[in-house]
Amino acid sequence: MRILVTGGAGYIGSHACQRLLRDGYHIVALDNLHRGHREPMEILKGAHPESFEFVHADLGDQSQVLQVLDEHELDTVMHFGALAYVGESVEDPLWYYQNNIAQAIGLLQACDQSRGGKGIERFIFSSSCATYGDPPDDMIPVPEHCPQNPTSPYGYTKLHMEHILKDYANSRAMKNNPIALTMLRYFNVAGSDRTGMLGEDHEPETHLIPVAINAALGKRESMSIFGTDYPTPDGTNIRDYVHVEDLVSAHVLAMNSTKQGEVEAFNVGIGKGYSVREILDAVKRVSGVDFTIHDAPRRAGDAIALYNDPTKIKAKLGWDAKITDIDEVVKDAFDWIKAHPNGYAS
Ligand code: UFG
């Protein structure tokens, strides 16, 4: 397989590139560098000069994407490139719909025209547990058949893309030219690669674990808990934190397991929920710093509690999270951020 990785310069995309390169695949990473970084692309090119290329482009630039797909004879797409902040999506929904849907349709059109009009063979889509919104009580932990009712524009962009991709897969099947489509609904991704080469560097940074680490390292004076009056045991939101390397393993399994004509959706999360306070305690344990935490109002768009029921992904893909100790996840993130106090250089 020869793989296009959109959003390849981003946090999850770069970790996916690294794993796929180690597994011996030919990879082209495509990224507009809006939130991605050039440095991880240079690191990967240095380590894999023959099998890795980076292309600086918008994923919605149909003609350029088509040229890349054809020039490198790519047959598989892992589509990571998207805006991914719940709160930001509430503030600027049109930007999210433009970027995560309109641009992605350009990508899909290029995919459809590639290989002399035959189209690509495999598409692995980064969906999200944000598509479930606030699941009913009897659906927590969340199985894949849970009703999808997002609470944010971000969640809707992922849900709409699932529908668009299913319609596209259906049209390919009707033309006797089936595609393999896998939609991976991530829970909260955290940690960094254990060689210390790649990490999480967002600007702005809004994710809980890196924000707390920044507070522990003195890069910010304090941090806030967004909402302490939720109907949960300690009043704060509950999430399922999956290590980025485990998440990437799910992609490799999905890519190799889903067959032509199959459309599959899998949740990717460890199956255990941690409250915001429990995560902050873990960051304090790992860092050894008792940083200042303020209670703050709820953040718009946040679901109350989301953690995975991993039954389907275990049974069908044989996937299981290897790193389930939250202190280990936090430590990987902490080590990279501490070693890179200003993030990537580029
Ligand atoms: N939180 C705080 N303070 C902060 C940052 C976050 O209390 O400074 C809380 C949030 O309110 C939320 C929890 O920590 O309850 C986790 O928030 P994150 O921003 O780390 O993650 P989200 O759950 O909002 O979103 C992330 C990804 C999405 C993905 C989603 C699935 O950004 O792409 O997980 O839950 F869809």
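Since we're looking at a predicted model, the values are computed, not measured.

1. Points about the site of the ligand
The immediate surroundings of the ligand are formed by 21 residues, with S128, H207, N237, R299 and D302 found nearest. Residue L208 places a main-chain N or O atom 2.8 Å away from an oxygen atom belonging to the ligand. When the ligand is considered free in solution it has 680 Å² of accessible area, and contact with the protein chains removes 93% of it. Put simply, the parts of the chain that give the shell around the ligand at least two residues each are helix 7 (208–216) and strand 8 (222–226). Here the shell around the ligand takes 4 residues from strand 8, the largest share from any one element. Here the shell around the ligand is built from residues that sort into 12 nonpolar, 6 polar and 3 charged. Each of domain 1 (2–190 + 242–268) and domain 2 (208–239 + 272–345) contributes no fewer than three residues to the shell around the ligand.

2. Side note on the packing of aromatic side chains
Two measures describe an aromatic ring pair: the distance that separates the ring centres and the angle between the ring planes. The tally for this structure, following the rule as stated, stands at 3 aromatic pairs. A ring pair is formed by W95 and Y96, whose centres lie 5.9 Å apart and whose planes are at 85 degrees; its orientation type is edge-to-face. Look at Y96 and you get buried, because its relative accessible area is 0%. Positioned above the aromatic ring of Y274, the side-chain terminus of K272 is 4.6 Å from the ring centre. The ring of Y230 has R298 lying over it, and the distance from NZ or CZ to the ring centre is 4.0 Å.

3. Thoughts on the domain arrangement of the chain
Looking at the chain, the domain boundaries give domain 1 (2–190 + 242–268) and domain 2 (208–239 + 272–345). Between the C-alpha centres of domain 1 and domain 2 there is a distance of 24 Å. If you look at the interface, domain 1 gives 34 residues, while domain 2 gives 26 residues. A combined buried area of about 2,700 Å² lies between domain 1 and domain 2, and 64% of that area is made up of carbon and sulfur atoms. When the buried surface of domain 1 facing domain 2 is broken down by residue, H243, D246 and F266 rank first, second and third, together holding 20% of it. The interface formed by domain 1 and domain 2 holds 2 salt bridges in total. For K316, the salt bridge identified is with E264, shortest N-O distance 3.0 Å. Our count for the contact surface shared by domain 1 and domain 2 stands at 13 residue pairs in polar contact (both at pLDDT 80 or more).

4. Here we look at the nonpolar core
Core analysis: the biggest nonpolar cluster contains 66 residues, and L20, I27 and F52 have the highest contact counts within it. Counting the residues that make up this core, at least three belong to each of domain 1 (2–190 + 242–268) and domain 2 (208–239 + 272–345). Setting aside anything within four residues of it in sequence, one finds L20 in contact with I3, V5, Y25, I27, M78, V252 and M255. Core analysis: the second largest hydrophobic core is formed by 29 residues, L30, L59, A104 and I120 among them.

Here is what the cut-offs are and how they apply
- Residues numbered from 1 in each chain as written.
- Predicted model: local features only at pLDDT ≥ 70, side-chain atom pairs only at ≥ 80, totals over all residues.
- Heavy atoms only, no water.
- Near = heavy atom within 4 Å.
- Polar contact = N/O pair within 3.5 Å; in protein donor to acceptor, adjacent residues only side chain to side chain.
- Areas by Shrake-Rupley, 256 points an atom, 1.4 Å probe, with all protein chains shown as cover.
- Helix = DSSP H or I, 4+ residues; strand = E, 2+ residues; numbered from the N terminus.
- Nonpolar A, V, L, I, M, F, W, Y, C, P; charged D, E, K, R; others polar.
- Domains from an automatic or database assignment.
- Phe/Tyr/Trp six-rings, centres within 6.5 Å; stacked < 30°, edge-to-face > 60°.
- Buried < 20%, exposed > 50% of the residue type's maximum accessible area, 1.4 Å probe, protein only.
- Lys NZ or Arg CZ within 6 Å of the ring centre and 35° of its normal.
- Contact = heavy atoms within 4.5 Å.
- Buried area = accessible area lost by both parts, 1.4 Å probe.
- Salt bridge = Lys/Arg side-chain N within 4 Å of Asp/Glu carboxyl O.
- Core = buried A, V, L, I, M, F, W, Y, C linked by side-chain atoms within 4.5 Å.

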